[in-house]
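So you can see what is in the structure, the chains are spelled out below.
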Protein chains: 4
Amino acid sequence: MAERAQRKTPDSSRRSERSRRAIHDAALSLIGEVGYAKTTIEGIAARAGVGKQTIYRWWPSKAAVLLEAFLDLSERAMREEGQAGEAGKTGGAEEPGAAGEPEAAGEPEAADGAYAIPDTGDLETDLKRVLRATVDQMNDPRFEVPSRALAAEGIVNAELGTEFARRMLEPQLQLYVHRLTAAQAEGVGGVRRGIDLRIALELLVGPIAHRWMLRTAPLTHAYADTVVEYALYGLAPRP
Amino acid sequence: MAERAQRKTPDSSRRSERSRRAIHDAALSLIGEVGYAKTTIEGIAARAGVGKQTIYRWWPSKAAVLLEAFLDLSERAMREEGQAGEAGKTGGAEEPGAAGEPEAAGEPEAADGAYAIPDTGDLETDLKRVLRATVDQMNDPRFEVPSRALAAEGIVNAELGTEFARRMLEPQLQLYVHRLTAAQAEGVGGVRRGIDLRIALELLVGPIAHRWMLRTAPLTHAYADTVVEYALYGLAPRP
Amino acid sequence: MAERAQRKTPDSSRRSERSRRAIHDAALSLIGEVGYAKTTIEGIAARAGVGKQTIYRWWPSKAAVLLEAFLDLSERAMREEGQAGEAGKTGGAEEPGAAGEPEAAGEPEAADGAYAIPDTGDLETDLKRVLRATVDQMNDPRFEVPSRALAAEGIVNAELGTEFARRMLEPQLQLYVHRLTAAQAEGVGGVRRGIDLRIALELLVGPIAHRWMLRTAPLTHAYADTVVEYALYGLAPRP
Amino acid sequence: MAERAQRKTPDSSRRSERSRRAIHDAALSLIGEVGYAKTTIEGIAARAGVGKQTIYRWWPSKAAVLLEAFLDLSERAMREEGQAGEAGKTGGAEEPGAAGEPEAAGEPEAADGAYAIPDTGDLETDLKRVLRATVDQMNDPRFEVPSRALAAEGIVNAELGTEFARRMLEPQLQLYVHRLTAAQAEGVGGVRRGIDLRIALELLVGPIAHRWMLRTAPLTHAYADTVVEYALYGLAPRP
DNA sequence: CCGTAAGCGAGACGGTACGTCGAGTCTTGGG
DNA sequence: CCCAAGACTCGACGTACCGTCTCGCTTACGG
């Protein structure tokens, strides 16, 4: 989306990295301060000390600016975390995915193997750990406003929604699929054969997203734990 | 929301029913035609043959107009359906709630008893029936655009989101709770004691909502069925 | 203008005198406070504690309300003055004429003879006296704002302008004509025969009005005196 | 007035001359067609094919637009006239001044010397000529509507009134002062020494303005002539 | 003496214009 | 040719009043 030109494809090699950064920062800070709806392109340009045209030249819409800025933010956040912590704790899921593909800029993305759901052999514990991390991230105010803005935009705007899902969410969701695949291979103590893992994943992640969306009740670790338990063992009485 | 005044509480007994209706209709048709973002208050007023002030007098925002119009639509749709069909088929869930209250009166929960999840004694079948109906409704183009618009607005705007959930979704969700409560009482073939029914419900409805939101894959009856099965019997191998 | 009906001539015998008065007062006070342009019918109605329709029923325009209110004011001012002073001093000219015909209400208008330019036999002195009074009235802040509003409206709106001139100004101007007629009869020390008195009057009153209109210089008694002298004896060197 | 900024002083060097012209033309034509009161900024913008903001950016009010447009018109009218005629005929007075300055430059008095009251040595004749021209201009329908609008606005709005007088009227009035000064130097057949020329001028011009304002009688050449005669030789019998 | 038909206060209504904001495009001057 | 700056056209915002139209209510009259 970043590379999409506006009229006659500007020469991206001459692009000012300084401006790009300033626009990201301005966009994120403004959205944090006044909300997405009241954030304007003009406002971003002014705060970034940039001409409006510089934004229009490189991005097709306000949402695209935010998406890129947010991707950048997540990536940076992840890198910091990755340095000092171990990978397992990191794995957010749902909203603010960790391993977005880097766009435009060329920094190599090492994540793939680095950020994975840990496999202690105990599926239940592993899933709880990851889902708790996801819940934490969703509660992090730094991420909440932009996440909501992007999710909202994505619900209504299919193109951006797809982009958002592909770049932010899918990488995370794939981690689940990996872990569940492993669990399915284990036999006992894992996941039943024949289970569609994509749907299995949604059984875990859907309820979290639902509660986040509707704000019907707070998102807590306890909630995450219960979701994992119910999903693994079902609602029906065990025979 | 209708009674909420704007500046110095207009006299709602003098309110023109004709205008209210025309505004609802204009709002829904415009949103269907050009989408929520490009629908303007000015446009609604023009199409409804109404002064802008008449909208501003009675609603605080475009979203509020749409919410009320949509509630009205659902209600009418329900009434029609209720006349010719039986209740079981009706029970939509997630998005476009069926049992909106008559909106002039203020009761938050109006699922008169008329609209309830059927209880054939077979929980799995009953849930599949309802979830399929929900899926159908989500795929109904008449509802899709406004639903997405309201959901998007609700994600970002907590006040409207709460209102939306309270008036559109909760009545439906309560139906699930009722049915699950009955199932829990049954003993065998139902729901395990000790299960938090609110969470149980989210296990069923969350995945549907998730897929609808992210558009990762089409929402089908088969999907609904699978979700019910996984939720009831768990992902783990049965002992 | 007051009697002109709006649609189907309301029954003026049932008219509320209380409202009429309240509207006059509200109109004058509002115009004094915020100026004519920012005075609105709605504002007058609100301050008068009157329904808007009551204004629209009896007056065709804001200007008409003001005209009537101002006429009323002048009349009352005159009556008060007339009680305690002698007539000669009173005679204002130009703008806020004294002897408007009373409208609608039936109070007898005694003015005609009462308010006249004094005839001491010395034309120059008499004219100075009257012109000084006119100047005083134009400088009276109580009259200035409404006068200017009405004059402005009258310049642009011929109908109202005529009405204004006829009811406010003409009575005053006629007084000049009377006095000049007498002066013309006198022979020496008066006005030359063959002089068109209407034009003579304008020679006296025009310069005052001009200066009032353009605000090029303050209106003073000295100015009035000089105008009288120049008008009587001409600009050219006397032979 | 054009350079006066609205909020944060736009850069007048970037100003679009095309728009300025279009706005002038639109304003004058609309005022001619529907009158000043029914002319709206929105209407001017629409007819000029210009955004409203472009008007609000450069002018503080509708009246200011008209003033500038009218100044421009007078200037152009003058230039045309000046090319083909001799100066004497030109001298309008009162309302639509002839010698507007080029307005981009700021000199308040631009009567280059080119436009002056002729001095044939016969003051009476000279004054009649000029006053007749003034009368003609006041009767010219092209000028009447805008003149009345500006005069009306100026009566009520001191700031605009002053501006109007300074830029439109004063240059003309100064011409009178020049001519009268010359006349005063002449001795016999001119103007008496000791006469205040400013007041003398008002004696000539005031009556014309008065009659124009009140519409009490038509403005004719004969009237102009009579005014000159009365003013020069006085109303009183000559000894 | 009692209905009934005004005038009245109140204020909702369909409109028009206001003055402002921001979108997205275009132009200018500087690096 | 990118960029900052910002003027441009356009369209929508939310507000203020317009002049018309009900509403109840009071008030005086005429059957």
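Predicted model only: the values in this text are computed from it and were never measured.

1. A few points about the overall build of chain A
Secondary structure summary: chain A contains 11 helices and zero strands in total. Contacts in chain A between residues far apart in sequence, at least 24 positions, make up 68% of those at least 6 positions apart.

2. Digging into the protein's contact with DNA strand F
Close contacts around DNA strand F come from 40 residues, with Ser16(A), Gly51(A), Thr40(B), Glu42(B) and Gly51(D) the closest. Contributions of two or more residues to the surface near DNA strand F are made by helix H3 (52–58) of chain A, helix H2 (41–48) and helix H3 (52–58) of chain B, helix H2 (41–48) and helix H3 (52–58) of chain C together with helix H3 (52–58) of chain D. Here the residues of the surface near DNA strand F sort into eight nonpolar, 16 polar and 16 charged.

3. Overview of the relation of the copies chain D and chain C
Here two copies of a chain appear, and what relates them is a rotation about an axis with a shift along it. For these two chains of identical sequence, chain D goes onto chain C by a turn of 179° and a shift of 0.1 Å along the axis, with RMSD 0.2 Å. Viewed as a symmetry operation, the transformation between the two copies matches a two-fold axis. When C-alpha distances to the rotation axis are compared across chain D, the minimum falls at Gly234(D), with a value of 1.7 Å.

4. Looking at the relation of the copies chain B and chain A
The transformation that overlays chain B on chain A combines an axial shift of 0.1 Å with a rotation of 179°, and the residual RMSD is 0.2 Å. Take the interface residues of chain B: 100% of them recur as interface residues in chain A, which is what a same-surface contact looks like.

5. Side note on the packing of helix H9 (residues 158–186) of chain A against helix H10 (residues 197–214) of chain A
Residues and elements named next belong to chain A. The geometry of H9 relative to H10 is characterised by a closest axis approach of 9 Å and an angle of 115° between their N-to-C directions. Judged by the sense of rotation from one axis to the other, the crossing of H9 with H10 is right-handed. Together, Leu173, Tyr176, Val177, Leu180 and Thr181 of H9 and Leu197, Arg198, Ala200, Leu201 and Leu204 of H10 make up the contact between the two elements. In the contact of H9 with H10, the residues fall into eight nonpolar, one polar and one charged.

6. What to know about the interface of chain D and chain C
Taken together, the contacts link 42 residues of chain D with 42 residues of chain C. Across the side of chain D that touches chain C, the residue classes break down as 29 nonpolar, seven polar and six charged.

7. A word on the interface of chain B and chain A
With 42 residues of chain B in contact, the opposing surface of chain A contributes 42 residues. The element best represented in the side of chain B that touches chain A is helix H9 (residues 197–214) of chain B, accounting for 12 residues. Here the residues of the side of chain B that touches chain A are counted per class, giving 29 nonpolar, seven polar and six charged.

8. A short note on the environment of Gly121(B)
Residues and elements named next belong to chain B. Counting through the fold element by element, Gly121 comes out in the loop between helix H5 (87–90) and helix H6 (123–139). Judged by C-beta crowding, with 12 C-beta atoms within 10 Å, Gly121 ranks as exposed. C-alpha separation for the pair Gly121 and Ala182, spaced 61 residues apart in sequence, amounts to 9.3 Å.

9. As for unusual backbone geometry
If you check the backbone angles, Arg215(A) has positive phi at about 55° while not being a glycine. Counting through the fold element by element, Arg215(A) comes out in the loop between H10 and helix H11 (221–233).

10. Examining H10(A)
All names here are of chain A. Counted at 1.5 Å a residue, the expected span for H10 with its 18 residues is 26 Å, and the 25 Å between its end C-alpha atoms agrees. Val205 marks the point of greatest bend in H10, at about 35°, and the proline Pro207 comes within the next four residues. When you tally the buried positions in H10, you get 15 out of 18 residues, the bulk of the element. Just downstream of H10, Arg215 is the residue with a positive phi angle, here 55°.

11. Brief notes about the environment of His178(D)
Residue and element names in this part refer to chain D. Structurally, the position occupied by His178 is in helix H8 (residues 158–186). Residue classification places His178 among the partly exposed residues on the basis of 16 C-beta atoms within 10 Å. C-alpha separation for the pair His178 and Arg192, spaced 14 residues apart in sequence, amounts to 15 Å. When neighbours within four sequence positions are excluded, His178 is seen to be in contact with Ala116 and Ile117.

12. Describing the environment of Lys128(B)
Residue and element names in this part refer to chain B. Within the element layout of this structure, Lys128 appears in helix H6. You can call Lys128 partly exposed: it has 18 C-beta atoms within 10 Å. As a C-alpha pair, Lys128 and Thr226 span 98 residues in sequence and 8.8 Å in three-dimensional space. Leaving out residues up to four positions away in the same chain, Lys128 has contacts with Ala224, Asp225 and Val228.

13. Comments concerning helix H7 (residues 141–156) of chain D
The terminal C-alpha atoms of H7(D), which comprises 16 residues, lie 23 Å apart, in line with the 22 Å expected from a rise of 1.5 Å per residue. Pro146(D), Ser147(D), Arg148(D), Ala149(D), Leu150(D), Ala151(D), Ala152(D), Glu153(D), Gly154(D) and Ile155(D) are the residues of H7(D) that are buried.

14. So, the confidence of the model for chain A
Where the model shows low pLDDT, its predicted coordinates should not be examined in detail. Looking at chain A, pLDDT values average 83 and 80% of them are 70 or higher. Segment residues 85–114 of chain A: pLDDT under 50, and 80 contacts once partners within four positions in sequence are set aside and those in other chains are kept.

Criteria and cut-off values
- Residues numbered from 1 in each chain as written.
- Chains lettered and ligands numbered in written order.
- Predicted model: local features only at pLDDT ≥ 70, side-chain atom pairs only at ≥ 80, totals over all residues.
- Helix = DSSP H or I, 4+ residues; strand = E, 2+ residues; numbered from the N terminus.
- Contact = placed C-beta atoms within 7 Å.
- Near = placed C-beta within 6 Å.
- Nonpolar A, V, L, I, M, F, W, Y, C, P; charged D, E, K, R; others polar.
- Least-squares fit on C-alpha atoms with pLDDT ≥ 70 in both.
- Axes fitted to C-alpha atoms, helices over the stretch in contact; angles between N-to-C directions.
- Left-handed = near helix turned anticlockwise from the far one by under 90°.
- Buried ≥ 20, exposed ≤ 12 C-beta atoms within 10 Å, placed from the backbone.
- Expected span 1.5 Å × (residues − 1).
- Bend = angle between axes of the 7 residues up to and from the residue.
- pLDDT = per-residue confidence, 0-100.

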